[in-house]
Amino acid sequence: MLEVSPGDEELHDTSSDVGSVVARAPFLVLGVDSRLHVTFAAGALDALPAAELFAGADGDRMLSTHRALLEILARSVNGAQASTVTVEGRHRIALHAEPLSGGGAVAVCLDVDRTAQAVSRSEQGLRMLFRNVPAGIWATDLRLRITRAEGSLLEQVPAALRPVVGRRVWDFTGDRSPADAVMSLHLGALAGQSGSARFKALGRLYDVVLEPLRDGTGQVTGCVGFAMDATRHYAREAALQKLARRLDSAQRLAHVGSWEYDLATNRIEWSEELHRMHGLPPGELGDSYEGFLAHTLPEDRPLTDAAVAQALRTGKGFQYDHRIVLPTGERRVLQTRGEVLFGADGQPSGLFGSCVDITERWQALEKQKRTVSLLTATLESTADGLLVVDLDGRVVAFNRRFAEMWRLPASVLEAATGQTLLAFVRRAVMGEEAFAARTRELESRPEEEGHDVLQLVDERIIERYSRPQRLDGSVVGRVWSFRDVTQRERLLRQAQLMSNAGRLLASLEVEQAAEAAARVALPLLGCACALDLFDPEGSRRLFSVAVEGAREVPLAVSRAALSGHPLVEAVGERTRLTVPLMARDKLLGVLTFLSAESRRHTQEDLVLAGKLGARMALAFDQASLYRQAREALDAREQFLSVAAHELRGPATTLQLGLQMLRSTGDCPSAPVELCERQLQQLGRLIDEMLDFTRLRSQRLHFEVEPVDLVKAVQLTVTSLGRELETSGSTLTVTAPAALVGRWDAGRIEQLVRNLLSNAIKYGRGRPIQVEVATSGDDATLVVRDMGIGIPLDRQAYVFEPFERAVSERNFGGLGLGLFISRAIVEAFGGTIALESQPDVGSTFRVTLPRDGPSP
Ligand code: ADP
């Protein structure tokens, strides 16, 4: 961008001080810096003063000639060789531009025709002109003798350093060696090469340009030197560089990058910080808009285009966020702000702006957005009604469920404050005052949590939770949460009812239990209840109960209910609910409920009453079955007792008869022995039956005396000799010589006999082991067989009366032996235990305290 630095004193000084000759001279000396800012201008061209021309004060008058000059200068600045060109304008202009080593260029432009005229017109005028140029110009011949020296600059330097006509160049530089910088420039020019250098002398900086001087044939005849005091310019440039460095540090510290876009050239300059933001070394961002776009995420490029286009269209500043991709692949988010730059013609000439890396802020914002969306979704997806109020009672948030739950009209919601909402809620609650008091209490204690159950006027049950809302540990409000627990409470009450009813009805006093269960059901299923039972003799009302304070309403039995189906019928404003009590397809009775005045029975009530009726029917049926079973058992025991007594007489007679037969010898001994064995067996069965009936009536008698357990075992083994032989089992007895304890001899033998005869009976002819031993104060008796064993699920029962784990067809017996055995063992304070495995065998282990039964 070519422009004149505003406030450039030299420019104005020149135009104002040089006077009319210079002002009109067809001669122009122009200096530009590396950014093509005109740093120096003297003389005039095309009758236009340089200041006016290049200040762009009058755009229209910036003729193509001058533009061309500046373009050449631009090329020169950018490193083109010094050149002499002629541009065609209104006049022939000779331009000589020379790059300066420190950047920038200097040019001398002459209007060829007018210069020639001027020269011929006045050598003196030209002198004056040169003298007024704020630079120094000199010419030498081939021997470096000064042939001309003009310019105000020369007058400023000390005489010793000033080129003086007639003297040699080295006379005032003091060094003749070709290596000397000034000499080298001059020698170069004599060799036909242009050159420039910067010199520091007497605390000032000078830019010096040397050109070969040629005659009309192009032959070098000497050289022309041009020196310019660039001290202020470089000072300004240094200051600018310092400023730029500071700007760069400031940008780095603030993470702000800047850029400038020139529309005409489509070039962008990026600050170093902006490069750092892109993860690129300086210069790598390129200098075009397209180059910049290449680093922007493709999805965000249209956004960038649109922002730029709109800014240029409207002339207004802009701001937008876009994502860039770093060479590492990392994505960052930049916020770009820009402003439009305008040219002298008032049209946008470019854009200028800054970029800030807002990735972290953006991520935080994204996270925050996600959190808010999650919270909103959570708030709305919960089945609870939620209301959040701040400490001043303002509504911070509530969800749809809250509005639905309390049936809040839009008018209330629109003008909602915590107070108005809770006041609305209050009206729907039973026990309004208590609710309001509790609410006030919680509001006055921000730290406190609360939980209560609200019974609503419309029969719903709502659970209310309230807890403080905290931010960084301090309370900032309160969250009220409401949960409709009507269904849960109903189910709970129903479950409680069924559980209570079940517990009550487990009682054998089923009629009282049924009445108690009906009372438990009452508030839930109605205000009155009656139970009618249908006995074989006819129908009878077992009870009729009502809730306290309920108006007495006669409860007639519904005819329809006799069909055995539950039903609800209208009785005036109320309903009557009837469920049949059915057990094993028999209608035992009907249970009838009358609804409370304010409500009618529902399907749910019908189901619940049905369950209660079924439970009652079961209880009645079970009670009746139990009664029957008891009666049957009593009958059996009675029969056993009678039969045992009745059998005992004939058995004794038979015994005597056999004894007589044996003593007379009238009969062969074999059938007599057979009869005796069978009679013994019959005797044992009769004894078992009698023992059983005695045990039942707790009349079993014991004669406690010293008894030798080993002897009892031996006697029993001997007496069972024949059965043992028939079974094929061998029997081993391991026992001490004697083991005496205080027991009943007959009962101990009976115990051993029961266990041994079972081992023989169920032992499958396999070996049987009997062990008698002492264990501390106890005697132990172990009977082990390897027979059929007892299934696990039957083992707990074999000690019960009449319980058998085998079929009667295969094995005879009453199922009383183990029952009596356990009774004997327990009578002596001992225990009997069973270990058995089907097909492996059984072991009965008896432990008997040796000092007999405790008194
Ligand atoms: P039972 O007269 O039937 O033998 P018990 O009271 O002596 O009556 O035994 C009850 C039941 O226990 C028997 O019917 C049988 O099924 C089982 N039982 C008793 N002892 C044994 C054993 N040693 N092996 C297998 N089963 C046995």
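Starting afresh in each chain, residues are numbered from 1 along the sequence in its written order. Confidence filtering applies because this is a predicted model: local features only for residues at pLDDT of at least 70, side-chain atom pairs given and counted only at 80 or more, and all residues used for totals across whole chains, interfaces and linings. Excluded from the side-chain calculations are hydrogens and water; all other atoms, namely the structure's heavy atoms, are used.

What follows covers the overall build of the chain. Within the chain, the secondary structure is distributed over 27 helices and 34 strands. Relative to its full complement of 855 residues, the chain shows a buried share of 42%. In what follows, a contact means two residues having at least one pair of non-hydrogen atoms within 4.5 Å. For the chain, contacts bridging at least 24 residues in sequence account for 52% of all contacts bridging at least 6. Looking at the chain as shown, the accessible area adds up to about 45400 Å², and 54% of this sits on carbon and sulfur atoms. Helix and strand definitions here come from DSSP, where helices need a minimum of 4 consecutive H or I residues and strands a minimum of 2 consecutive E residues; each element is numbered from the N-terminal end. Three labels apply to residues, based on accessible area from a 1.4 Å probe with only protein chains included: buried if under 20% of the type maximum, exposed if over 50%, partly exposed otherwise in between. For the area figures, the Shrake-Rupley method with a 1.4 Å probe applies, and any residue is considered shielded solely by the protein chains shown.

This next bit is on the site of the ligand. We call a residue near a molecule or strand when any one of its heavy atoms sits within 4 Å of it. Near the ligand, the surroundings consist of 20 residues, among which N758, D785, R804, A805 and L818 are the closest. One of the backbone N or O atoms of G815 is found 3.3 Å from an oxygen atom in the ligand. Between the ligand and the protein, one listed contact pairs a nitrogen atom with a side-chain N or O atom of S842 at 3.4 Å. Calculation on the ligand without its partners gives an accessible area of 520 Å², and the protein chains cover 98% of this total. Elements with a minimum of two residues in the shell around the ligand: helix 25 (745-761), helix 27 (817-827) and strand 34 (841-849). By the criterion applied in these results, polar contacts are pairs of N or O atoms within 3.5 Å in which, for protein atoms, one can donate a hydrogen and the other can accept it, and in which residues neighboring in sequence qualify only through two side-chain atoms.

Here five strands make up an open sheet; going across it, the order is 24-23-27-26-25 and the pairing antiparallel. Each of the sheet's edge strands pairs with one partner strand only, and the pair in question is strand 24 (538-546) and strand 25 (567-571). For this sheet, the mean inter-axis angle between neighbouring strands, taken without regard to orientation, is 20°. For strand 25 and strand 26 (residues 574-583), the ladder comprises five bridges, and the chain directions are antiparallel. Following the sheet pairing, A570 is matched in strand 26 by T575. Fitted lines through C-alpha atoms give the axes, limited to the stretch in contact for helices. The angle between two N-to-C directions lies from 0 to 180 degrees. The strands touched by helix 20 (residues 510-525) within the sheet are strand 23 (528-535), strand 24 and strand 27 (586-594), with strand 24 carrying the most contacts at an inclination of about 50°. Of the strands in this sheet, strand 23, strand 24, strand 25, strand 26 and strand 27 are in contact with helix 21 (residues 603-664), which crosses strand 26 at around 35°. Two strands form a pair only when DSSP identifies at least two bridges running between them.

Moving on to the confidence of the model for the chain. With 85% of its residues at a pLDDT of 70 or more, the chain shows a mean pLDDT of 83. As a per-residue quantity, pLDDT reports the predictor's confidence and falls between 0 and 100. Across residues 47-52, where pLDDT falls below 50, the model places 16 contacts with residues more than four positions away in sequence or in other chains. Counting contacts from residues 55-63, a segment whose pLDDT is below 50, to residues more than four positions away or on other chains yields 14 contacts.

What follows deals with the environment of S719. Mapped onto the elements of the fold, S719 is located in helix 23 (residues 709-719). Separated by 34 residues in sequence, S719 and R753 have C-alpha atoms that sit 9.0 Å apart.

Take the pairing of strand 15 (residues 318-325) next. Residues of strand 15 alternate between two faces, with F318, Y320, H322 and I324 buried on one and Q319, D321, R323 and V325 left unburied on the opposite face. Between strand 15 and the antiparallel strand that follows it, strand 16 (residues 331-342), lie five residues; G329 among them carries a positive phi value of about 95°.

Below, the discussion takes up the pairing of strand 13 (residues 256-262). When a strand is regular, its side chains alternate between the sheet's two faces. The element strand 13 is largely enclosed, with a buried count of five among its seven residues. Note: strand 13 against strand 14 (residues 267-270), four bridges, orientation antiparallel. By the bridge assignment, D262 is partnered in strand 14 with R267. Hairpin remark: strand 13 followed by strand 14, antiparallel, with four residues in the connecting loop; positive phi at N266, about 55°.

Position of T780 among the secondary structure elements: in strand 32 (residues 778-784). The class of T780 is buried, set by a relative accessible area of 17%. Beyond its immediate stretch of four places on either side in the chain, T780 contacts L709, E771, V772, A773, S775, V846 and T847.

This part is about the environment of T716. By the secondary structure assignment, T716 is in helix 23. Taking the relative accessible area as the measure of exposure, T716 reaches 3% and is therefore buried. Distance from T716 to E749, taken between C-alpha atoms, is 6.6 Å for residues 33 residues apart in sequence. Non-local contacts of T716, meaning those with residues more than four positions away in its chain, are made with E749, V752, R753 and L756.

Once that is clear, we can look at empty space enclosed by the protein. Using protein atoms alone on a 1 Å grid, points that fit a 1.4 Å probe yet trap it form a cavity, whereas open point sets bounded by protein on both sides within 12 Å along at least five of seven lines form a pocket; residues with an atom within 4 Å of a point count as lining. Grid points are joined across faces, edges and corners, and a volume is the space filled by probe spheres set on the points. Here the structure, examined in full by the defined rule, presents four cavities of 30 Å³ or more. In terms of lining, the largest cavity is formed by 13 residues, of which the most central are W259, Y289, F292, V308 and Y320. Breaking the lining of the largest cavity down by element, the ones donating at least two residues are strand 13, strand 14, helix 12 (289-293), helix 13 (301-314), strand 15 and strand 17 (348-357).

What follows deals with the environment of Q335. Residue position: Q335 is located in strand 16. Accessibility expressed as a relative area gives 10% for Q335, which makes it buried. Contacts of Q335, omitting those with residues within four sequence positions, involve Q319, Y320, D321, S354, C355, V356, I358 and R361. A distance of 3.1 Å separates polar atoms of two side chains, one belonging to Q335 and the other to D321.

What follows deals with the pattern of salt bridges. We define a salt bridge as a side-chain nitrogen of Lys or Arg found within 4 Å of a carboxyl oxygen belonging to Asp or Glu. Under the definition given, this model contains 47 salt bridges. We note a salt bridge from R464 to D452, for which the minimum N-O separation is 2.8 Å. Of this pair, R464 sits in strand 21 (residues 461-471) while D452 sits in strand 20 (residues 450-455), and the two are 12 residues apart along the sequence. Each member of the pair, R464 as well as D452, carries the same accessibility label: buried. A salt bridge links R540 to D535, with the nearest nitrogen and oxygen atoms 2.6 Å apart. The network of salt bridges with shared partners includes E330, R332, D357 and E360.

What follows concerns unusual backbone geometry. Positive phi, normally seen in glycine, also occurs at R584, with a value near 45°. With respect to the helices, strands and loops of the structure, R584 is situated in the loop between strand 26 and strand 27. The phi dihedral of D585 is positive, around 65°, even though this residue is not glycine. Structurally, D585 can be placed in the loop between strand 26 and strand 27. On the basis of relative accessibility, which here comes to 77%, the residue D585 falls in the exposed class.

Here the focus is the packing of aromatic side chains. In this analysis, rings of Phe, Tyr and Trp, with Trp reduced to its six-membered ring, are considered paired at centre separations within 6.5 Å, and the interplanar angle assigns stacked below 30 degrees, edge-to-face beyond 60, and tilted for intermediate values. Evaluated as defined, the whole model comprises 11 aromatic pairs. Pairing F398 with F402 gives two aromatic rings, centres 6.3 Å apart and planes at 50°, and the pair type is tilted. On the accessibility criterion, F398 (28% relative accessible area) is partly exposed. Take F402: its relative accessible area is 0%, and that puts it in the buried class. Put simply, a charge is over a ring when the Lys NZ or the Arg CZ is close to the ring centre, within 6 Å, and near the line of the ring normal, within 35 degrees. The ring of W170 is capped by R176, whose NZ or CZ atom sits 4.3 Å from the centre of that ring.

Attention shifts here to the nonpolar core. We define the nonpolar core as a collection of buried residues of types Ala, Val, Leu, Ile, Met, Phe, Trp, Tyr and Cys that are connected through side-chain atoms lying within 4.5 Å of one another. Of all hydrophobic cores here, the largest spans 46 residues; its most connected members are W743, I748, L755 and L781. A total of seven residues in this core trace back to one element, the largest contributor, which is helix 25. For L755, the residues in contact, after removing those within four places along its chain, are L781, V783, L818, I832, F844 and V846. In terms of nonpolar packing, the next biggest core, distinct from the first, is built from 34 residues, L522, F543, L581 and M616 among them.

Our focus in this paragraph is the packing of helix 25 against helix 27. It is the contact of helix 25 with helix 27, at a shortest axis distance of 9 Å, that shows an interaxial angle of 140°. For helix 25 against helix 27, the interelement crossing comes out left-handed. Packed against helix 25, whose contacting residues are R747, Q750, L751, N754, L755 and N758, the element helix 27 presents G817, L818, I820, S821, I824 and V825 at the interface. The class makeup of the residues in the contact of helix 25 with helix 27 is six nonpolar, five polar and one charged. Whether a crossing is left-handed or right-handed is set by the direction in which the near helix is turned from the far one by less than a right angle, anticlockwise for left-handed and clockwise for right-handed. In this classification, Asp, Glu, Lys and Arg are treated as charged, Ala, Val, Leu, Ile, Met, Phe, Trp, Tyr, Cys and Pro as nonpolar, and every other residue, Gly included, as polar.

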